[in-house]
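# Residue-level structure breakdown
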Amino acid sequence: MPPKKDQDTTPGIKLLRMFRKLMLDGRRHFQSDLAEEFQCSPQTIIRLAGEIEAVVGASLESGLENRRRWYQIRTISRSRLGLDFEELRYLSVCRDLAGSALPEQVRHRVDDTIFNLSVLMADQGYAGRDKAQRQQFSFFSKGKIDYTPHFEHIEKLLQAAEERQVCLVRYKAIGKTESREHRFVPVRLVSMNGALYVLGGTLTDDFTRVHHLINLAIHRIHDVTLIERHFHLDAPDASPDAFGLPWHEPKSFTIQFKPGKAAEYVRERIWADEQTLEEAEDGGTILHITTRSEPELMAWVRSFGGEAECLTSTTKND
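Residues numbered from 1 in each chain as written. Predicted model: local features only at pLDDT ≥ 70, side-chain atom pairs only at ≥ 80, totals over all residues. Heavy atoms only, no water.

## Focus: the nonpolar core
We apply this condition: Remark: nonpolar core denotes a set of buried residues (Ala, Val, Leu, Ile, Met, Phe, Trp, Tyr, Cys) joined through side-chain atoms within 4.5 Å. Burial status follows relative accessibility: with a 1.4 Å probe on protein chains alone, a residue under 20% of its type maximum counts as buried, one over 50% as exposed, and anything between as partly exposed. In this description a helix means any DSSP run of H or I spanning at least four residues, a strand means any run of E spanning at least two, and both kinds are numbered starting from the N terminus. Note on definitions: a residue-residue contact is assigned when non-hydrogen atoms from the two residues lie within 4.5 Å.
The biggest cluster of nonpolar side chains holds 24 residues, and the ones touching the most others in it are Leu157, Val169, Val198, Leu216, Ile218 and Ile221. The element that contributes the greatest number of residues to this core is strand S6 (residues 195–203), accounting for five residues. Excluding residues that lie within four positions of it along the chain, Leu216 makes contacts with Val169, Tyr171, Phe184, Leu196, Tyr197, Val198 and Ile221. Judged by nonpolar contacts, the second largest core, of 16 residues, contains Phe257, Ala262, Ala263 and Ala308.

Have a look at this one:
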């Protein structure tokens, strides 16, 4: 059996990529072009097409044009969208909540998609569209960041994360006067406290091992260049229910808040998926919390001034 052209991509990933391409673009795609794009053999494309056909049935069409095999997924009709207006309303709510962190280009594409779905689903002209497009939530923040100028950087970082590709990232850290270039492997993008970050690791000069794990603020990135190198990085999972970004083994902390506004503020919120709250004898609040981001937790505690104190800390396995 000849070696794979792309050693780093599993058959499952190729299948998902091909299905996504056919699903989102209703035009004909030639077998030879798909094989070149996905770095595989024409026989692999035939096999992937067979697996897709087993799921979507007759919606996958195939034929010959000038002796070249093509594949196409027929446009899905309104009756087969699998959505109702209640679900479309939820999509609109998600758009409203995420809108402040999205680049303008992405917001327009999301709005156009919701509009097109609502038109396809509506039985009464534009009434359904108006219902779906009406803003349900508003999100207010102080110091909003405009990510529109960073759209190209975000696109490259997402591509690199998907393909485990190395980037040269020119980044200006806060407090520094000049930018610095990093040999960087992105893992995923996250949103936290009204800002977008890319999680990953920097590599050594010879690209053979991880120098250290870091997170980079998207708005401080000056340039992203993709290079023809790949690296598999096993980074800690970034759970949206955890406190802070994951950079070390889980540690547990006990934090006491004095009676008053700070204690009430802490009691009203969920800070992590692993936390417990108890009432202190003086009427304050004691928070037991587990995190992979000790520096961020300590900065949060210091932000309360004299109203909060870290009592104990232990590793999770202690």
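## Quick notes on the side chain of Thr291
Looking at where Thr291 falls in the secondary structure, it is placed in strand S11 (residues 285–291). Judged by relative accessible area, which is 3%, Thr291 ranks as buried. If near-sequence neighbours (up to four positions away) are discounted, Thr291 is found in contact with Phe243, His248, Glu249, Pro250, Lys251, Phe253 and Leu297.

## Quick word on the pattern of salt bridges
Keep this limit in mind: Here, a salt bridge means any side-chain nitrogen of Lys or Arg that lies within 4 Å of a carboxyl oxygen of Asp or Glu.
Counted by the stated rule, this structure contains 11 salt bridges. A salt bridge links Arg28 to Glu65; the nearest nitrogen and oxygen atoms lie 3.1 Å apart. Here Glu65 lies in strand S2 (residues 60–65) and Arg28 lies in the loop between helix H1 (11–24) and strand S1 (29–30), a separation of 37 residues in the sequence. The class for Glu65 is partly exposed, based on a relative accessible area of 32%. The salt bridge involving Asp33 is made with Arg68; its shortest N-O contact spans 3.3 Å.

## With respect to the sheet that holds S2
Applied cut-off: DSSP calls a pair of strands paired once it identifies at least 2 bridges connecting them.
Ordered by their spatial adjacency, three strands build an open sheet running S1-S3-S2, and the pairing between neighbours is antiparallel. Each edge of the sheet is formed by a strand with only one pairing partner; in this case those strands are S1 and S2. Where S1 and strand S3 (residues 68–73) come together, two bridges link them in antiparallel fashion. Bridged to Phe30 within S3 is Trp70.

## Considering the packing of H1 against helix H3 (residues 42–56)
Our working definition: Axis definition: a line fitted to C-alpha atoms, over the contacting stretch in the case of helices. Angles run 0 to 180 degrees between N-to-C directions. Oblique is the label for every angle not falling under 35 degrees (roughly parallel), over 145 degrees (roughly antiparallel), or within 65 to 115 degrees (roughly perpendicular). The hand of a helix crossing depends on one turn: near helix anticlockwise from the far one by less than a right angle means left-handed, and clockwise means right-handed. Here the term charged refers only to Asp, Glu, Lys and Arg, the term nonpolar to Ala, Val, Leu, Ile, Met, Phe, Trp, Tyr, Cys and Pro, and the term polar to all other amino acids, Gly among them.
Put simply, H1 and H3 touch, their axes get as near as 10 Å, and they point 65° apart. With respect to H3, the axis of H1 lies roughly perpendicular. As H1 runs across H3, the sense of the crossing is right-handed. Residues Pro11, Lys14, Leu15, Met18, Phe19 and Leu22 of H1 lie in contact with H3, whose contacting residues are Ile45, Arg47, Leu48, Ala49, Glu51, Ile52 and Val56. Taken together, the residues of the contact of H1 with H3 sort by class into 10 nonpolar, no polar and three charged.

## Some thoughts on the sheet that holds strand S8 (residues 221–230)
Strand order in the open sheet formed by five strands is S7-S6-S5-S4-S8, and the pairing between neighbours is antiparallel. Two strands in the sheet have a free side with no partner beyond their single neighbour: strand S7 (210–217) and S8. Each strand of the sheet is rotated relative to its neighbour by a mean of 40°, with strand direction disregarded. Sitting on the sheet, helix H7 (residues 151–163) is in contact with strand S4 (165–171), strand S5 (180–192), S6 and S8, with an inclination near 25° to S8.

## Here we look at the pairing of S6
Across the nine residues of S6, nine count as buried, placing the element largely inside the fold. Bridge count between S5 and S6: eight bridges; the pairing is antiparallel. If you follow Phe184 over to S6, its bridge partner there is Thr202. Taking the residues between adjacent antiparallel strands as the criterion, S5 and S6 are bridged by two residues, where Asn193 takes a positive phi near 55°. Both S6 and S7 contribute to a ladder of seven bridges, which runs antiparallel. Bridge pairing in S7 places Gly201 opposite Leu213. Where S6 folds back onto S7 in an antiparallel hairpin, the turn is made up of six residues, including Phe207, whose phi is positive at roughly 65°.

## A few points about unusual backbone geometry
We note that Arg67 has phi near 65°; this positive angle belongs to a residue other than glycine. If you trace the backbone, Arg67 turns up in the loop between S2 and S3. Since its relative accessible area comes to 84%, Arg67 is described here as exposed. The residue Phe207 is not glycine, and still its phi comes out positive at about 65°.

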